[in-house]
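Structural description and commentary
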Amino acid sequence: MESGKLTGTLALAVFTAALGSLQYGYSLGVINAPQKVIEEHYGRSLGVLPEIPAVLSENSTGEGEHIEAGNHPAVVMYWSLSVAIFSIGGMVSSFLVGFVGNLRGRVRGMLVINVLAVVAGLLMGLCKMWKPHIMVIMGRAVMGFYCGLTSGLVPMYIGEIAPKAYRGALGTLHQLAIVTGILISQVIGLDFLLGNDNMWPLLLGLSGAPAVLQSLLLPLCPESPRYLYIILGKEEDARKNLRRLKGEYDPTPDLEEMRREKEEADKESRVSIFSLICSSVYRQQLIVALMMHLSQQMSGINAIFYYSTNIFERAGVSQPVYATIGVGVINTIFTLVSVALVDKAGRRTLTLIGLGGMCCCAIAMTVGLVFQNDYWWMSYVSMSAIFLFVSFFEIGPGPIPWFIVAELFSQGPRPAAIALAGCCNWTSNFIIALTFAYIQNWLGSYVFILFAVLLFGFTVFTYLRVPETKGKTFEEIAAGFQKGRKKVPLSPSVVEELEQLKSTTDA
């Protein structure tokens, strides 16, 4: 959409959609703070700990029980499953993003899946009524399934309703909502708030709270005009919603752009996931999209969060949990910086700065970890590297992959591309969560050298292959990938492939 006007309706629509991202971030972070308390309840439920922990000797403390619970094989297994099942649910449901988004529309799709979030919240919030380990795992699985869908639907909807001049800034709000959700979960997960023996089910159950507010607000939000025009062919409804989103103006230029994109979409039809994977027509865009998401998760950002508390402890911080919350604050602040810069500096530039800066920080962190026993000040080098690493991540590699996929593809293959990119993101997240402990044991203080090598590779790839999408229409971006192809007449094999794509249905 070409007009740069921001209206109250547009702000409401973006805010409402971003509530799903806030819920995603909260669900990501909420499980970490009360880990020891939850493990103790798992131990009691499984019968490996006494039911009444208050029966302690005069000289004992509760810490022994926490340690015993956390080390018991059954507790470790159920705890690991509670964490990992979230990513598995997201991996599975990410394939359904295109189907849900096109079945009844972006707004109704988000409204329907909120049922999953509420069910998940109730399962976790009421977990003490039955077996906590089973109830939490069930709730995390359902919540992961929900988050896999919302992590695709939210950027898709925001990308389609945002004016071209603000598409990057509004798209970055998805990541801002995620990091805000993580920060909220870290703060209210402190033991004197909700991260204690009595309140932890409520802490987990609040994961479903944003879905209730979003369900109340979504009926007030207009459906995506691009969906109405290009997918359903409802030009008048699209015109009406354009005016609702942007105020009174002449929507003819926007409708003309959609008409051209609809003509292209009618030629290529909606592309299934399998067809998109096999197609050479979209291969360049798909490789860029998947590499952008791989660079986000394989950068080591999750490892930083896992390892930060340990580094702060070694540096002599008496309350490392507050330092970790400080990392969350930095996370949020620099996402705001990205919101301000992304439509000025550009997606490609910020991604290059972010990846390059993270690579340097990973090297500095390794140096700090290796020499921290020899030089007392090296621990502070490690701490500084953590804060800078997170800052560089949120400038570009954190927020940009979520919305750039919607910019790289035209309407036909867009849902399938977002589904594939989302699955790639969730899968790589799961792999890092599953393997980082083993990699850390293997490489020790040199663990972040591995991420430095990966980051260097991602930086080179971004410099060579990722185009700048700032200020361009979807049509112009798609045409950029086809420049080289247009110089040569289409071969019979390519013509045949396009015909096959035309006959496919959307995943």
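It should be emphasised that the depicted structure is a prediction, and the values quoted were computed from it without experimental measurement.

A few points about the overall build of the protein chain
- Secondary structure summary: the protein chain contains 25 helices and zero strands in total.
- A sequence separation of at least 24 residues applies to 83% of the contacts in the protein chain between residues at least 6 apart.
- For the protein chain, the exposed surface amounts to about 20800 Å²; the carbon and sulfur share of it is 66%.

A closer look at the environment of Pro251
- By the element assignment, Pro251 lies in the loop between helix 12 (235-246) and helix 13 (252-268).
- For the pair Pro251 and Lys240, spaced eleven residues apart in sequence, the C-alpha to C-alpha distance is 9.1 Å.
- Sequence-distant contacts of Pro251, defined by excluding residues within four places in its chain, comprise Arg239, Leu242 and Arg243.

Quick look at the environment of Arg465
- Residue position: Arg465 is located in helix 22 (residues 447-465).
- With 178 residues separating them along the chain, Arg465 and Ile287 place their C-alpha atoms 9.2 Å apart.
- Sequence-distant contacts of Arg465, that is, excluding residues within four places in its chain, are made with Gln284 and Val288.

So, the side chain of Gln296
- Locating Gln296 in the fold gives a position in helix 15 (residues 283-297).
- In this structure the side chain of Gln296 is engaged in a polar contact, spanning 2.6 Å, whose partner is the backbone oxygen of Gly398.
- If sequence neighbours within four positions are ignored, Gln296 has contacts with Gln175, Ile301, Phe393, Pro397, Gly398, Pro401, Trp402 and Asn425.

Notes on the nonpolar core
- Counting residues in hydrophobic clusters, the biggest one holds 84 residues, and the most contacted among them are Met143, Tyr157, Leu204, Leu276, Val405, Leu408 and Phe409.
- Here this core takes twelve residues from helix 7 (residues 132-161), the largest share from any one element.
- When sequence neighbours within four positions are dropped, the list of residues in contact with Met143 reads Gln23, Ser27, Phe86, Ala117, Ala120, Gly121, Met124, Ser207 and Gly208.
- With 30 residues, the next largest nonpolar core counts Met383, Val390, Phe393 and Ile432 among its residues.

Here we look at the pattern of salt bridges
- Summed over all chains, the structure comprises 15 salt bridges.
- Note that Arg347 is salt-bridged to Glu407, the shortest N-O span being 2.7 Å. With Arg347 in helix 18 (residues 347-371) and Glu407 in helix 20 (residues 400-408), the pair connects residues that are 60 residues apart, well separated along the chain.
- What you see here is one network of salt bridges that share partners, running through Arg167, Asp343, Arg347 and Glu407.

A word on the packing of helix 18 against helix 20
- The geometry of helix 18 relative to helix 20 is characterised by a closest axis approach of 12 Å and an angle of 150 degrees between their N-to-C directions. Helix 18 and helix 20 meet at a crossing whose hand is left-handed. In this structure, helix 18 contributes Arg347, Leu350 and Thr351 to the contact, and helix 20 contributes Ile400, Phe403, Ile404 and Glu407.
- Across the contact of helix 18 with helix 20, the residue classes tally to four nonpolar, one polar and two charged.

A few points about the packing of aromatic side chains
- Here the structure, examined in full by the defined rule, presents eight aromatic pairs.
- Considering the side-chain rings of Trp376 and Tyr380, the 6.2 Å spacing of their centres and the 80 degrees angle between planes classify their relative orientation as edge-to-face.
- Given a relative accessible area of 42%, Tyr380 falls into the partly exposed group.
- Taken together, the aromatic side chains of Tyr24, Phe86, Trp402 and Trp426 make up a single cluster linked through ring pairs.

Concerning the packing of helix 8 (residues 167-188) against helix 20
- Interaxial distance between helix 8 and helix 20 falls to 8 Å at its minimum, and their mutual angle equals 145 degrees. Two secondary-structure elements touch here, helix 8 through Arg167, Gly168, Gly171, Thr172, His174, Gln175 and Ile178 and helix 20 through Trp402, Phe403 and Glu407.
- Split by residue class, the contact of helix 8 with helix 20 holds three nonpolar, five polar and two charged.

Thoughts on the confidence of the model for the protein chain
- Of the residues in the protein chain, 87% reach a pLDDT of 70 or more, and the chain-wide mean stands at 83.
- Contacts from residues 486-491, a stretch scored under 50 in pLDDT, to residues over four places away or in other chains number four contacts.
- When the criterion is pLDDT under 50, residues 502-507 qualifies, and its contacts beyond four places in sequence or with other chains add up to 25 contacts.

Basis of the calculations
- Residues numbered from 1 in each chain as written.
- Predicted model: local features only at pLDDT ≥ 70, side-chain atom pairs only at ≥ 80, totals over all residues.
- Heavy atoms only, no water.
- Helix = DSSP H or I, 4+ residues; strand = E, 2+ residues; numbered from the N terminus.
- Contact = heavy atoms within 4.5 Å.
- Areas by Shrake-Rupley, 256 points an atom, 1.4 Å probe, with all protein chains shown as cover.
- Polar contact = N/O pair within 3.5 Å; in protein donor to acceptor, adjacent residues only side chain to side chain.
- Core = buried A, V, L, I, M, F, W, Y, C linked by side-chain atoms within 4.5 Å.
- Buried < 20%, exposed > 50% of the residue type's maximum accessible area, 1.4 Å probe, protein only.
- Salt bridge = Lys/Arg side-chain N within 4 Å of Asp/Glu carboxyl O.
- Axes fitted to C-alpha atoms, helices over the stretch in contact; angles between N-to-C directions.
- Left-handed = near helix turned anticlockwise from the far one by under 90°.
- Nonpolar A, V, L, I, M, F, W, Y, C, P; charged D, E, K, R; others polar.
- Phe/Tyr/Trp six-rings, centres within 6.5 Å; stacked < 30°, edge-to-face > 60°.
- pLDDT = per-residue confidence, 0-100.

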